[in-house]
Amino acid sequence: MSQPVEKKEKKIYLIGAGPGDPKLLTLKAIEAIQASQAILYDQLVNPDVLQYAQPGANLVFVGKKKGKHIIPQDDINKLLVELAGTYDTVSRLKGGDPFIFGRGGEELEHLAIHGYSCEVIPGITSAAAAAAYIGLPLTHRNYSSQIIFITGHKKEDGDYSEFTSLDLHDKTAVIYMGVTALHEIVREMCRKEGNCELPIAIIENATLPSQRVIRGTLGNIVEIASHTQITPPALIIIGNIIKFMDRIEEVMK
Ligand code: SAH
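Residues numbered from 1 in each chain as written. Predicted model: local features only at pLDDT ≥ 70, side-chain atom pairs only at ≥ 80, totals over all residues. Heavy atoms only, no water.

Draft legend 1. Quick look at the domain arrangement of the protein. Segmenting the protein into domains produces domain 1 (11-121) and domain 2 (126-251). Using only C-alpha atoms to locate each centre, domain 1 and domain 2 end up separated by 28 Å. At the junction of the two partners, domain 1 supplies 8 residues and domain 2 supplies 12 residues. Approximately 790 Å² of surface area, both sides summed, lies buried where domain 1 meets domain 2, with 74% of it carried by carbon and sulfur atoms. Where domain 1 touches domain 2, the interface holds 0 salt bridges. At the junction of domain 1 with domain 2, the criterion picks out 2 residue pairs in polar contact (both at pLDDT 80 or more). Residues belonging to the side of domain 1 that touches domain 2 are distributed by class as follows: 5 nonpolar, 2 polar and 1 charged. (Domains from an automatic or database assignment. Contact = heavy atoms within 4.5 Å. Buried area = accessible area lost by both parts, 1.4 Å probe. Salt bridge = Lys/Arg side-chain N within 4 Å of Asp/Glu carboxyl O. Polar contact = N/O pair within 3.5 Å; in protein donor to acceptor, adjacent residues only side chain to side chain. Nonpolar A, V, L, I, M, F, W, Y, C, P; charged D, E, K, R; others polar.)

As structure tokens, then:
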């Protein structure tokens, strides 16, 4: 059995900073940022939220560019423990929600191994925010009774076959980190009879002034996305619920 770890009295916050629009930060997150002497923040965290930091707070950027961590995850974990040892109150800010494709679990575990407990402050995940900002309900009694959050980023194997079996008849799929592999994902999904007609939307830079939305079907979205040069961060939403947007447009005519 492993030795019990000695618990240390510090305040460590693992915070979801929301999808981009700084006004989507929670009051709880603001309070934690204000209380912190050191703050680690990611690429997808809007730097505007750092306006709430105390003067002189140690602000550490640990973001990544083009899918590569500038600082590898192991080093981020070490840095967190180091900062926790140095300061009384530390905030770790992540884009969206820390527990949805945010590696928050890994950091929580690493801190726990070193005796630090962590308060987790949820954030608005980009799927919920993007859908809200384009007026697309992710569930609806007539269109979608389930939501699947799925990553389009395949670590090593590049095997996208799980997308072939996705049955989106009355479900909505939201794919995080999927734009780079859009072609492969769509190719797999189109293998299933009838799927190529499924409607799809891609939202780039959701909730920010630079937000863009493209729409199509599984059959034509790759061409539309390459034409419009959609780049990460972007979310892919697939399912019949996208037709609901047409319905609202019709009603509003
Ligand atoms: N923890 C985050 C997700 C991190 S994974 C969350 O809860 O939202 C990173 C992926 O999230 C991006 O590749 C993209 O698919 C999505 N994402 C995050 N912010 C986004 C934004 N403002 N617009 C579109 N997609 C976003």
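Right, picking up where we left off after that structure.
Draft legend 2. Examining unusual backbone geometry more closely. In this model, proline 232 is joined to proline 233 through a cis peptide bond whose omega is 0°. Here proline 233 is to be found in the loop between α6 (221-228) and β12 (234-238). The phi angle at phenylalanine 101 is positive, at roughly 50°, despite the residue not being glycine. Position of phenylalanine 101 among the secondary structure elements: in the loop between β6 (89-94) and α3 (104-113). In this structure, methionine 177 takes a positive phi of about 55° despite not being glycine. Relative to the helices and strands, methionine 177 is located in the loop between β9 (171-176) and α5 (182-190). (Helix = DSSP H or I, 4+ residues; strand = E, 2+ residues; numbered from the N terminus.)

Draft legend 3. Just the site of the ligand, in detail. In the region of the ligand, 17 residues are neighbours, and Ile100, Thr125, Ser126, Ala206 and Ala234 sit closest. In this structure, an oxygen atom belonging to the ligand sits 2.9 Å away from a main-chain N or O atom of methionine 177. For the ligand, whose free accessible area comes to 540 Å², the fraction covered by protein is 94%. When the residues that make up the shell around the ligand are grouped by side-chain class, the tally is 11 nonpolar, 5 polar and 1 charged. Counting the residues that make up the shell around the ligand, at least three belong to each of domain 1 (11-121) and domain 2 (126-251). (Near = heavy atom within 4 Å. Areas by Shrake-Rupley, 256 points an atom, 1.4 Å probe, with all protein chains shown as cover.)

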